[in-house]
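Each chain, written out:
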Amino acid sequence: MHTTSLTASSGGAPTQDWVTMLEIQFRAQAEAEVPTRTYVQSPKQSADKKYDDRLHIRLGCGKTKAYELLKRFEEGKEGGLRHQRIGKKYIVTEQAVREYFGDSSLQTSSSRAA
């Protein structure tokens with residue numbers, strides 16, 4: 001593991017390099033976490049997640065439209081959203097959302113599901 005030492009200037013104020021290093025580290029951690037996210041078809045956000053895991057919020061559409069996309073996949077129709085169904089819950093990975101939008105970047109989409 002690589003150890004990095006950060007220093008602050010006299011008076012306790014951080015140097016610009018220190019602030020930049022922290023920003024880079026936080027951004028890298030956030031980008032590494034995004035691909036592991038999962039979303040559920042639920043009216044309530046999960047309390048234990050650091051992000052809003054409601055599928056319709058991630059897709060930028062209503063709950064009914066999100067459900068229609070899930071059903072299209074189950075029926076084998078084009079334009080469906082790949083998912084796993086566990087009991088009554090629909091689980092959708094970030095990768096599946098990116099495939100749906102045709103986007104493989106780390107940015108989350110603000111596009112609306114058509």
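Residues numbered from 1 in each chain as written. Predicted model: local features only at pLDDT ≥ 70, side-chain atom pairs only at ≥ 80, totals over all residues. Heavy atoms only, no water.

### Remarks on the overall build of the protein chain
Here is step 1: The helix and strand inventory of the protein chain stands at four helices and three strands.
Here is step 2: Each helix (α) and strand (β) of the protein chain, taken in turn from the N terminus, gives the series α-β-α-α-β-β-α.
Here is step 3: Considering the protein chain as a whole, with its 114 residues, one finds that 23% of them fall into the buried category.
Here is step 4: The contacts in the protein chain between residues at least 6 apart in sequence include a share of 35% that link residues at least 24 apart.
Here is step 5: Surface exposure of the protein chain reaches about 8,100 Å², of which carbon and sulfur atoms provide 52%. (Helix = DSSP H or I, 4+ residues; strand = E, 2+ residues; numbered from the N terminus. Buried < 20%, exposed > 50% of the residue type's maximum accessible area, 1.4 Å probe, protein only. Contact = heavy atoms within 4.5 Å. Areas by Shrake-Rupley, 256 points an atom, 1.4 Å probe, with all protein chains shown as cover.)

### Here's the deal with the confidence of the model for the protein chain
Here is step 1: Scored by pLDDT, the protein chain comes out at a mean of 81, with 76% of its residues at no less than 70.
Here is step 2: Counted against residues more than four places away or in other chains, residues 106–114, with its pLDDT under 50, gives 23 contacts. (pLDDT = per-residue confidence, 0-100.)

### Regarding helix H4 (residues 94–101)
Residue pairs three or four apart in sequence face the same way in an α-helix, which turns once every 3.6 residues.
Here is step 1: Turning to H4, its buried residues number three or more, namely Glu 94, Ala 96, Val 97 and Arg 98.
Here is step 2: Contacts made by the buried residues of H4 are with strand S1 (38–40), helix H2 (55–59) and strand S3 (89–93).
Here is step 3: Just downstream of H4 lies Gly 102, where phi reads positive at about 70 degrees.

### Quick look at the side chain of Asp 53
Here is step 1: Considering the arrangement of structural elements, one finds Asp 53 in the loop between S1 and H2.
Here is step 2: We note that Asp 53 is buried and unpaired, the nearest opposite charge coming from Lys 49 at a distance of 4.8 Å. (Lys, Arg positive; Asp, Glu negative; His and termini not counted. Salt bridge = Lys/Arg side-chain N within 4 Å of Asp/Glu carboxyl O.)

### A short note on helix H3 (residues 63–74)
Here is step 1: Taking 1.5 Å per residue as the helical rise, H3 with its 12 residues ought to reach 16 Å, and the 17 Å between its terminal C-alpha atoms agrees with that figure.
Here is step 2: All of the buried residues along H3 are Ala 66, Leu 69 and Leu 70. Mapping the buried residues of H3 onto a view down its axis gives an arc of 95 degrees, with all of them on the same face.
Here is step 3: Contact partners of the buried residues in H3: H2, S3 and H4.
Here is step 4: Phi for Gly 76, located one or two positions after H3, is positive at around 75 degrees. (Expected span 1.5 Å × (residues − 1). Arc of directions from axis to C-beta.)

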